[in-house]
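Letter by letter, the chains look like this.
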Amino acid sequence: MTTETDTRRIAFDRSDALVEFYRRMRLIRQFEDRASRLYKTNQIPGFLHLSIGQEASAVGACWPLDDRDIVTSTHRGHGHCIAKGLDVDGMFAELMGKATGTCKGRGGSMHIADPRKGIFGANGIVGAGMPIAVGAATAAQLHGDGAVVVAFFGDGAVAQGVFHESVNLAAVWDLPVIFFCENNGYAEFSPAADQHRATLEDRAAGYGVEFHSVDGNDVVAVATLQAELVSRIRDGAGPMIVEASTYRWHGHYEGDPQSYRHEDELAEWKLRDPLEVLAARMRAAGLHDRIDSVNSEVDDIIGRAVDLADKAPYPEAETAADYVISVRKVIPEPTSPTEGTWKTMHAITAALTRELDDDPTVFLAGIDVGEGGNVFGLTRGLAAKYPGRIRDTPISESAIMGTAVGAAMAGYRPVVELMYFDFIGVCLDQLMNQAAKMRFMTGGAASLPLVVRTQFAAGKSSGSQHSQSLEALLAHIPGLTVVMPSTPADTYGLLRAAIQDPNPVIFIENRLLYGMKGPKPSDDHLIPIGKAVVRRPGSDVTVVSYSSMMQSCLVVADRLSVQGIDVEVIDLRTITPLDFDTVLTSLKKTNRLVVVHQAVGEFGVGAEIAAKAVREGFWHLDAPVVRVTAEQSPAPYSPVLEKVWLPDETKIEAAIREVFEADPA
Ligand SMILES: Cc1ncc(C[n+]2csc(CCOP(=O)(O)OP(=O)(O)O)c2C)c(N)n1
Ligand SMILES: [Mg+2]
């Protein structure tokens, strides 16, 4: 009986397929061989990890893929990129840091990517491509076009937490993804045997995921297997794990002294050079001539590409800050809401509903956002109304964030939920190193229109791990937008604007404001991101705040006005990009500034505003800038201690009086 796999194997033995395998593998080999030499002559800066010896895995794994398919790669990614169709002209230029590089010189070897070609990035963070692959596969599943994602990773990456989260999430969502392990026997300097006590096959069984192993040095074997798996996955089979055994000939990085392995081991693997294994098959098929012709064709391509890259210009200095933020559409300041009253919690549900209605690429994902309707009931009823688009996840925050990153790069607008802001600690990489930097590192080619909704609050004895106001942590990372609304109407308008925004937005709600009542705006209400608002005009002291502390500031301002102190209150609404113009305009009028936030003070948002006030508003200041913040300790549990720790109306009033009474003379 001839199985489907046999038929494909026969097809691959056709001369044109063999020649094409060889052409791609030779291109990778010569590309990296040349890169190694360029590194030695200092024409390539930075780190360089070469995959010479592993070419058959990359080419075989990508063989059945087409334009709709996506790969995520690793720090050793040149082969994956070339196998998926990236041109070596741009790649050489990228490695040299030139303006004509694939990523305009912003990525380099470790971050080379071209999302337009379905290459969602080499990655400098071990394992980080896997959650992104889950996101791309989620987009593929929602889109329903049969696209498949291949997530390359090394044997060492299996020990990363994100491996577990990604495979598990892919399994429970039946995602169209192949986790493709290139087992080259080493993680940096450590042999695989010292890194794991379980095989990948055993692990796959633990996730309920189909497993296949393959000779990673035999391109025909790899391509045959991949063709079969990709075709089954296109037809709806779930995720799979493939382990390709192979070996890298060079060190972990160029310059690695390689004291951890013996020359004999390398020599033995070189006897099974993947190009030679294929060449032998070609000779047996009478294709001697084609080997020579491909060799010279590839030499020409490489020679020309290096020449071009060498002559190409470096990026212009004035473009250094380009590609950090996508230009956002202009949203005019809306009129005041006049449609009755509602609560913040209603505003959140309404904003999500409106965007789900308006844009079919919007979907929600997070812990208990589906059937459970979110712990605060904010997504109740949405799962039934938008089948497949309100997705419950396992408790896997890195995979949740990666879902957002990969799906956004694939053209969706994910809105994912981080149940408590404190949990950022378990998934920061996907925000800090992936979402925030991907557009920059791809020279503007990637778009990251994603929203992370999260919430925090102190004052109710939630303790040190469920109370933190960590906005400064994220605002410190270029590329992220951080929004913190203070009213129900703003919550609606800002959340809708965040979902429509082309950038990664962290939308931070205060759970103690969920029940707050306020004026209800029209359904079309939108608030511009990056614009502060004067909540209360005044002439004596400027108070800058946001989120729940905003409300305390307004109470204090009203109280002080009857005592003859006229306070101007500014609500930042967006933390970054910071609208300092609005603060400066106010400072020019009042000459006195207080900043109030619930987060601890040191290195916080208030410190940033104070520094800007000193730099840009120094000659307008008649008093020191004063910050009212939480004390410099974790949030205490005991109500007595928490009260001492938190800023409150008394502390705000004291600060305002202090700057009001300061005498510049
Ligand atoms: C999160 C993280 N930890 C550590 C490193 C440093 N590092 C880079 S590659 C590597 C080894 C990876 O081994 P493996 O996954 O087997 O890939 P290979 O290098 O063999 O291709 C290490 C430890 C890193 N880049 N990221
Ligand atoms: Mg390895």
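How each quantity is defined
- Here the residue index of a chain counts from 1 through its sequence in written order.
- The lettering of chains begins at A and the numbering of ligands begins at 1, in the order of writing.
- Residue-level local features of this predicted model are given only where pLDDT is at least 70; pairs of side-chain atoms are given and counted only at 80 or more, and the full residue set underlies all totals for whole chains, interfaces and linings.
- Remark: hydrogens and water are excluded; side-chain values derive from all non-hydrogen atoms of the structure.
- Two strands qualify as a pair provided that DSSP identifies no fewer than 2 bridges between them.
- Runs of E in the DSSP output that reach at least two residues are strands. Runs of H or I that reach at least four are helices, and both are numbered from the N terminus.
- As a rule, the C-alpha atoms of each element are fitted with a line to give its axis, helices using only the stretch in contact, and angles between N-to-C directions run from 0 to 180 degrees.
- Only heavy atoms enter the contact rule, under which two residues are in contact if any of them lie within 4.5 Å.
- Patches in this entry comprise residues that are over 30% relatively accessible and not in a salt bridge; like charges within 9 Å are linked, as are nonpolar side chains (Val, Leu, Ile, Met, Phe, Trp, Tyr) within 5 Å.
- Areas reported as accessible are Shrake-Rupley estimates using a 1.4 Å probe. Residue values count occlusion only from the protein chains shown.
- Think of a salt bridge as a Lys or Arg side-chain nitrogen and an Asp or Glu carboxyl oxygen that are within 4 Å of each other.
- Burial classification: accessible surface area is computed with a 1.4 Å probe over protein chains only, and a residue below 20% of its type maximum counts as buried, one above 50% as exposed, and the rest as partly exposed.
- We score Asp and Glu as negative and Lys and Arg as positive, and we do not count His or the chain ends.
- A charged residue contributes its charge at one atom only: NZ of Lys, CZ of Arg, CG of Asp or CD of Glu.
- The nonpolar core is taken to be a set of buried Ala, Val, Leu, Ile, Met, Phe, Trp, Tyr and Cys residues, with the residues joined through side-chain atoms within 4.5 Å.
- The rule for donors is simple: N, O or S, within 2.8 Å of the metal, or within 3.2 Å if the metal is Na, K or Ca. Water isn't counted, so a site may look like it is missing partners.
- Throughout this document, a residue counts as near a molecule or strand when at least one of its heavy atoms sits within 4 Å of that molecule or strand.
- For this analysis, a polar contact is any N or O atom pair within 3.5 Å, provided that within protein one partner can donate a hydrogen and the other can accept it, and provided that sequence-adjacent residues contribute only side-chain to side-chain pairs.
- The way it works is a 1 Å grid over only the protein atoms, where trapped points that fit a 1.4 Å probe form a cavity and open points with protein on both sides within 12 Å along at least five of seven lines form a pocket, and then any residue with an atom within 4 Å of a point lines it.
- Here the criterion for a molecule occupying a pocket or cavity is that more than half of its atoms lie within 2 Å of the pocket grid points.
- Three categories are distinguished: nonpolar for Ala, Val, Leu, Ile, Met, Phe, Trp, Tyr, Cys and Pro, charged for Asp, Glu, Lys and Arg, and polar for the others, with Gly belonging to the last.
- By definition, the crossover connecting two strands over a helix is right-handed if that path, from the first strand to the second, turns clockwise as seen with the strands pointing away from the viewer.
- Grid points are joined across faces, edges and corners, and a volume is the space filled by probe spheres set on the points.

1. Some details on the sheet that holds strand β7 (residues 240-245)
Strand order in this open sheet of five strands is β1-β2-β3-β7-β6, and the pairing throughout is parallel. Across the chains shown, the open sheet's two edge strands, defined by having one partner strand only, are β1 (70-72) and β6 (210-215). Between one strand axis and the next, the sheet turns through 20 degrees on average, direction left out of account. Pairing geometry for strand β2 (residues 149-154) and strand β3 (residues 177-183), over six bridges, is parallel. Counted as the bridge partner of valine 149 is valine 177 from β3. Along the sheet face, helix α3 (residues 55-62) touches β1, β2, β3 and β7 and points at about 165 degrees away from the line of β2.

2. A closer look at a nonpolar patch on the surface
Taken together, Val614, Phe618 and Trp619 make up a surface patch of nonpolar side chains, about 400 Å² in accessible area. Here tryptophan 619 is to be found in the loop between α22 (605-617) and β21 (626-630). Its relative accessible area of 78% is what places tryptophan 619 among the exposed residues.

3. Remarks on a negative patch on the surface
Together, Glu263, Asp264, Glu265 and Glu268 make up a region of like negative charge exposed at the surface. Relative to the assigned elements, glutamate 263 resides in helix α10 (residues 263-270). According to the relative accessible area criterion, glutamate 263 is exposed, its value standing at 65%.

4. Section: the nonpolar core
The biggest cluster of nonpolar side chains holds 83 residues, and the ones touching the most others in it are Phe153, Phe163, Phe179, Ile241, Leu572 and Ile609. Ranked by residue count, the leading element in this core is helix α15 (residues 397-409), at eight residues. The contacts of phenylalanine 153, once residues within four sequence positions are left out, are Thr74, Met130, Val158, Phe163, Phe179, Phe180, Cys181, Glu182 and Leu200.

5. Details of the coordination of the magnesium ion (ligand 2)
Donor atoms from the polypeptide that coordinate the magnesium ion (ligand 2) comprise Asp155 (OD), Asn184 (OD1) and Tyr186 (O), at 2.0 to 2.2 Å from the metal. For the magnesium ion (ligand 2), all donor residues lie on one chain, and their spacing in sequence is D-x28-N-x1-Y.

6. Some points on the site of ligand 1
Around ligand 1, the structure places 15 residues, and the nearest of them are His75, Arg76, Gly156, Asn184 and Tyr186. Histidine 75 has a polar side-chain atom sitting 2.7 Å from an oxygen atom of ligand 1. The contact in question runs from an oxygen atom of ligand 1 to an N or O atom on the side chain of asparagine 184, over 2.8 Å. Relative to its unbound accessible area of 580 Å², ligand 1 is 73% covered by the protein chains. Given that more than half its atoms are within 2 Å of the pocket grid, ligand 1 belongs to the second largest pocket. In terms of residue class, the shell around ligand 1 is made up of five nonpolar, seven polar and three charged.

7. Section: the environment of glutamate 471
The residue glutamate 471 is located in helix α18 (residues 471-475) in this model. Judged by its relative accessible area of 0%, glutamate 471 falls in the buried class. Put simply, glutamate 471 and methionine 484 are 13 residues apart on the chain and 8.6 Å apart in space, counted from C-alpha to C-alpha. With residues near it in sequence (within four places) discarded, glutamate 471 still touches Phe421, Val482, Met484, Ile508, Tyr546, Ile575, Ala599 and Val605.

8. Here's the deal with the sheet that holds strand β19 (residues 574-576)
Read from one edge to the other, the open sheet built from seven strands follows the order β10-β9-β11-β12-β14-β13-β19, with strand pairing classed as mixed. The two strands at the open ends of the sheet, each matched to only one other strand, are β10 (390-392) and β19. On average, adjacent strands in this sheet sit at an angle of 20 degrees to one another, irrespective of strand direction. One ladder, built from two bridges, connects strand β13 (residues 481-483) with β19; its direction is antiparallel. The residue of β19 that forms the bridge with valine 483 is threonine 574.

9. A word on the pairing of β2
Counting buried positions over the six residues of β2 gives five, a clear majority of the element. Where β1 meets β2, three bridges bridge the pair, whose relative direction is parallel. Along β2, the bridge assignment pairs threonine 72 with alanine 151. Following the backbone out of β2, through helix α7 (residues 161-172) and into the adjacent parallel β3, one traces a crossover that is right-handed.

10. Here we look at the layout of surface pockets
Each pocket or cavity is described by its volume, and for the largest pocket that value is around 710 Å³. Secondary structure elements with two or more residues in the lining of the largest pocket: α18, β19, β20 (593-600) and α22. Of the residues forming the lining of the largest pocket, the biggest block, five residues, is contributed by α22. Of the volumes computed, that of the second largest pocket is approximately 360 Å³. His75, Val126, Gly154, Gly156 and Ala157 are the residues nearest the centre of the second largest pocket, which is lined by 27 residues in total. Listing elements by their share of the lining of the second largest pocket, those giving two or more residues are α6 (129-143), β2 and β4 (186-187). A total of three residues in the lining of the second largest pocket trace back to one element, the largest contributor, which is β2. In the lining of the second largest pocket, the residues fall into 10 nonpolar, 12 polar and five charged.

On their own, these measurements won't tell you what the molecule is for.
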